[in-house]
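If you want the building blocks of each chain, they are given just below.
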Amino acid sequence: MNSTKTTVASLVEKLRALPKSSVWARRFAALAPLWTLAALFLFFGLASEGFLRPINLRNILTQVSTLAIFATGMTFVLLLGQIDLGIAAVAALSAMLGAHMFTKMGIPEPWPILSGIGVATLLGLISGVASARFRIPTFMTTLAMQLIAGGLVTYISKGRVITEVSDVAAFLGSGKIGGNDGLPVIVIVAIVMLLLGHVILRYTRFGRYVYMTGANKAAARLAGVNTNRVLIIVMTICGFTAGFAGIISMGRLHSAQPDATESFLIDTIGAVVLGGTSLAGGRGSMLQTVVGLLIYGTLRNGLDNIPTIDIYLKEFITGVVLLIALLINTVFAGREQRDQTI
Amino acid sequence: MDVNKQPILELKNISKNFRSIQALQHVDFDLVEGEVHALVGENGAGKSTLMRILAGIYTEYEGSYYLDGKEIQFHSPHDALEHGIGMIHQELSVIPELSVAENLFLGRQPVTRWGIIDWRSMEQVAQKELHSLGFDIDVTMPLERFSLGTQQVIEVFRAILSGARVLVMDEPTSALSPAEVKQLIELVKTLKSQGRSIIYISHFLEEVVQVADRTTVLRNGVSVGTLDSQEATVDRLIGLMLGREITRSTHPEEIGSEYQETLLEIKDLNADVFSDINLNVKRGEILGLYGPIGAGHFDLARALFGLYKFDSGSIILDGKTFPHGHSARYAIENGLAYATESRRKSLLLDDAIYRNITMPHLSKIGTLAPQRAKELAAAVPAIQQVNVNPPDPLNPVGKLSGGNQQKVAIARWLTFPPKVFIMSEPTRGMDVGAKSEVLGLLRKFRDEGYGVIVASSEPETILAVCDRIVVMSRGRIVSRLENKNLDKDALMRLI
């Protein structure tokens, strides 16, 4: 036992001791999530016949698309070192409100969809303002928002599923471009959202402010950045993406269900962090989120493609693989994140 | 010191590399009982590395470590403490929210036989121990109620209470006011008279000369000499540290300022921590705000820059009155620059130098989207102007030495020059070489016609660069002086 421990320790030490000049080794280490993804792909490709078929690859993309829209906003939030616990409930509210307006009140599109997304965005704005102006941690404001949005969903739906959705929502969620074998609209929407997020984070002044504030709020303030405004805008963006994801999810399921998006909160945070974005803020990117999403999707889909695995074990295996992937991420990519308290 | 005494601790032929950098080369060091042995050297000379080996933080090195004549190898700081070697860190490791007594017993609180913390005996012991060393404070109060100096003292006591015979003190006074420094030095002397052995690491050579029985000087990872207390003078130590004879320039150069125009005017400024502040800064002068920590001068600097709320009064820069409650952005756009006392707070250590420099100016460099090429073009001249070493703009700031980090914090304001430059504690924690470079930069700004405000609690810094000095104490201005024929004593007596 002790000898394995020392072997691992010396291996890690060796990797850390790599000379600075070995750019390739460092690049290799920095891309740890990408190697995890490649390893999973290789494994499932060998273990299952159907996995690498184009139709299945398209399935993976379709399966992670809703998650991707959630994750776009969440990436902003985590980069800022904040958290949004309300996204799943806010998404449900957006969908339920849209469906209720369209079905029960007979209001034509685009008003129901716009109202759903608008309310979600407004809730994000409120969390942001409450946290920025009154210095309440986003953990608390968004927890409250989870209850508020969840409560409104219950009130509007009375616990019932609305099984009729507008054509617009259905097109966004389950339409295809180019016939039945074509590209799902939902994938295009997800890609557009991720790309937009990437451009904002990477190429705009606001994006830089997000990184600065997340990495070192004091330094950002000293450089004249209005960190309160950055927080408010980021929480608003996350509200918007949650609302949008709610509508998309409704279109995909052809119904608005009070609890359809429940699992998305943990999945979203998991996927973003898996990509290598730090919960402490300042480190990460939208591209890393894309990798995290693909790891998540590959894992979920791959396990479904291996018929010999006990269906009741899948969640357990997912958890174990996630933990391993996170460990690999920190050992390789997080070389600077060693405990430096002493 | 009795030279015939056996050393209780001895390091022989210690070497340590970090990747390709040789941090220590064949260093010998020893400590006898009841001695204060100081360790000095410029930043990067290897002091911290040696100290970390002493305290069991670095466990891999070449050479041997003897304790009480027996060779020993520590596996952790905890292990070292078990053997009686206690470390007092530069940054306090006490927990401000807990009571004094609890801090003293952190991690080894006495328990009753029911396994419940025995508060009564803990507080009694704490009170008694502190009393025996001449400190009478209420140990049930949370530590944060006490001054930084007292907190530092508690940190020392904690190491002693956990059984340390050897105390390793790393820059124990760097954040203390002069009065607190005196208190700490007295404490060190008391501890010595009780037979404890102390390794004292400090940038403040005057303290070292006062307190040390022997002083070992490190330069570039090599021990270049150990001086007895009779031999050790500040000048000799500096000479050894730098490896050359130094020409002293602690006296400010006489200046006949050609500018007399008032640039910044502060009228009746009031806030919770300062009151009735009236000041002006002229073009081409360096104004010093001197006071002990807590005098309000650092908060005044922050208030000018829009980071600290003031209640009343006005700030007029170059004829323009700032609106009440102005933001830092407003201050920047109207010609103020500010570098704080904490580089950790003002820089993004993981980020490249050039990005740290362009941080406040992104709106000028690219309205919507800053471009790397433009940013580099803006940053590189500034980097050259302050002589950052190494000058690679893509290097992360965290890899630079403290002095070079400070240069980056200054260079940030040169791309779009301000009218008045405010600096808090511009040379804190820096070695001699870096200090004189930074002070040289401040003089250069003055000569180029900027106004400069230096807020500091270090009289040396103030005396070295300022043309006029405003002395603050407890939030008020107590004295205004021309910096002519002033010395440290005179300044410190005014507080």
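Each value, and the rule that gives it
The written sequence of each chain sets the order in which its residues are numbered from 1. A letter from A marks each chain and a number from 1 marks each ligand, given out in the order of writing. Local features are withheld for residues below a pLDDT of 70 in this predicted model, meaning they are given only at 70 or higher, and side-chain atom pairs are given and counted only at 80 or more; totals for whole chains, interfaces and linings count all residues. With hydrogens and water excluded, all non-hydrogen atoms of the structure serve as input to the side-chain values. Numbering goes from the N terminus for both helices and strands, where a helix is a DSSP run of H or I of at least four residues and a strand is a run of E of at least two. For every residue, the accessible area obtained with a 1.4 Å probe (protein chains only) is divided by the maximum for its type, and the residue is called buried under 20%, exposed over 50%, and partly exposed between those limits. For this analysis, residues touch if any pair of their heavy atoms sits within 4.5 Å. pLDDT is defined as a per-residue confidence score from the predictor, taking values between 0 and 100. Here a Phe, Tyr or Trp ring, Trp counted by its six-membered ring, pairs with any other such ring whose centre lies within 6.5 Å, and the pair is stacked when the planes are under 30 degrees apart, edge-to-face when over 60, and tilted otherwise. Only Lys NZ and Arg CZ are tested; either one counts as a charge over a ring when it is within 6 Å of the ring centre and within 35 degrees of the ring normal. Following DSSP output, two strands are said to pair if at least two bridges run between them. Joining through side-chain atoms within 4.5 Å is the link that ties buried Ala, Val, Leu, Ile, Met, Phe, Trp, Tyr and Cys residues into a set, and such a set is a nonpolar core. In this description, a line fitted to the C-alpha atoms serves as the axis of each element, helices being fitted only across the stretch in contact, and the angle between N-to-C directions of two axes falls anywhere from 0 to 180 degrees. Only residues whose relative accessible area exceeds 30% and that form no salt bridge are eligible for patches; like-charged ones are grouped when within 9 Å, while nonpolar side chains (Val, Leu, Ile, Met, Phe, Trp, Tyr) are grouped when within 5 Å. Here, Shrake-Rupley sampling with a 1.4 Å probe gives the accessible areas, and only protein chains in the shown set may cover a residue. The salt bridge definition used is simple: a Lys or Arg side-chain nitrogen within 4 Å of an Asp or Glu carboxyl oxygen.

K.L.:
Can you break down the overall build of chain A residue by residue, with the values?
P.N.:
Helix and strand counts for chain A come out as 15 helices and two strands. Burial status across chain A gives 49% buried among its 342 residues. Of the contacts formed within chain A by residues at least 6 apart in sequence, a portion of 77% connects residues at least 24 apart.

K.L.:
Explain the confidence of the model for chain B to me, and be specific about the residues and the numbers.
P.N.:
Scored by pLDDT, chain B has a mean of 83; 92% of the residues are at 70 or more. Every residue in residues 246-257 of chain B is under pLDDT 50, and counting partners more than four places away or in other chains gives 14 contacts.

K.L.:
Got a sec to walk through the packing of aromatic side chains? Specific residues and values, please.
P.N.:
Using the criterion set out here, one finds eleven aromatic pairs over all chains in the structure. An angle of 80 degrees between the planes, with centres 5.1 Å apart, marks the rings of Tyr 65 of chain B and Phe 74 of chain B as edge-to-face. Here Tyr 65 of chain B matches Phe 74 of chain B in class, with each residue buried. Aromatic pair Phe 305 of chain B and Trp 413 of chain B: ring centres 6.0 Å apart, planes at 85 degrees, arrangement edge-to-face. Taken as a pair, Phe 305 of chain B in the loop between helix H9 (297-304) and strand E14 (312-317) and Trp 413 of chain B in the loop between helix H15 (402-411) and strand E17 (420-424) lie far apart in primary sequence, 108 residues in all. The pair formed by Phe 305 of chain B and Trp 413 of chain B is uniform in burial state, with each residue classed as buried. Put simply, the rings of Phe 41, Phe 43, Phe 44 and Phe 51 of chain A touch in pairs and so form one group of aromatic residues. The ring of Tyr 155 of chain A has Lys 158 of chain A lying over it, and the distance from NZ or CZ to the ring centre is 4.3 Å.

K.L.:
Help me get a handle on the confidence of the model for chain A, residues and values and all.
P.N.:
All names here are of chain A. Per-residue pLDDT for chain A has a mean of 85; in total, 87% of the residues score no lower than 70. Looking at the elements of chain A, mean pLDDT is at its lowest for helix H1 (residues 2-16), recorded as 55, and at its highest for helix H12 (residues 227-253), recorded as 95. Confidence drops under a pLDDT of 50 for residues 335-342, and excluding neighbours within four residues, the segment shows 15 contacts in the predicted structure.

K.L.:
Tell me about the pairing of strand E16 (residues 336-339) of chain B, and name the residues and values.
P.N.:
Residues and elements named next belong to chain B. The two faces of E16 match: Leu 336 and Tyr 338 on one face and Ala 337 and Ala 339 on the other face are all buried. As judged from the four bridges shared by E16 and E17, these two strands associate in the parallel manner. Looking across to E17, one finds that Ala 339 is bridged to Met 423.

K.L.:
Describe the pairing of strand E8 (residues 197-201) of chain B, listing the residues and the values that go with them.
P.N.:
All names here are of chain B. Within E8, five of the five residues are buried, leaving the element largely enclosed by the surrounding structure. The two faces of E8 match: Ser 197, Ile 199 and Ile 201 on one face and Ile 198 and Tyr 200 on the other face are all buried. Examined bridge by bridge, strand E3 (residues 36-40) and E8 share four bridges and lie parallel to one another. The residue of E8 that forms the bridge with Ala 38 is Tyr 200. Taken together, the five bridges between strand E7 (residues 166-170) and E8 define a ladder with parallel strand orientation. Opposite Asp 170, over in E8, you have Ile 201 as the bridge partner.

K.L.:
Before we move on, can you summarise the nonpolar core with the specific residues and values?
P.N.:
Counting 94 residues, the largest nonpolar core has Ile 69, Val 189, Val 210, Met 212, Val 230, Val 234 and Met 250 of chain A as its most contacted members. Every residue in contact with Val 234 of chain A, bar those within four places of it in the chain, is listed here: Phe 76, Val 77, Leu 80, Phe 206 and Val 210 of chain A. Counting 81 residues, the second largest nonpolar core, distinct from the first, contains Phe 274, Leu 336, Ile 422 and Cys 466 of chain B.

K.L.:
So what's going on with the sheet that holds E7 of chain B? Which residues, and what values?
P.N.:
Residues and elements named next belong to chain B. Sheet architecture is open: six strands sit in the order E6-E7-E8-E3-E9-E10, paired in mixed fashion. The open sheet terminates on both sides in strands that have one partner only, identified here as strand E6 (85-88) and strand E10 (222-228). For this sheet the average axis-to-axis angle between neighbouring strands, irrespective of direction, equals 20 degrees. Bridge count for E6 against E7 is four bridges, and the pairing is parallel. Bridge assignment links Ile 85 to a residue of E7, and that residue is Val 166. Taken strand by strand, helix H8 (residues 234-242) contacts E3, strand E9 (214-219) and E10, and its axis lies near 30 degrees from that of E9.

K.L.:
Outline a nonpolar patch on the surface, supporting the account with residue identities and numerical values.
P.N.:
Residue and element names in this part refer to chain A. On the surface, a cluster of nonpolar side chains totalling about 480 Å² of accessible area is made up of Phe 134, Ile 136, Phe 139, Met 140 and Leu 143. In terms of residue count, the dominant contributor to the nonpolar patch is helix H7 (residues 138-157) (three residues). Considering the arrangement of structural elements, one finds Ile 136 in the loop between helix H6 (111-134) and H7. Judged by relative accessible area, Ile 136 falls into the partly exposed class, the value being 34%.

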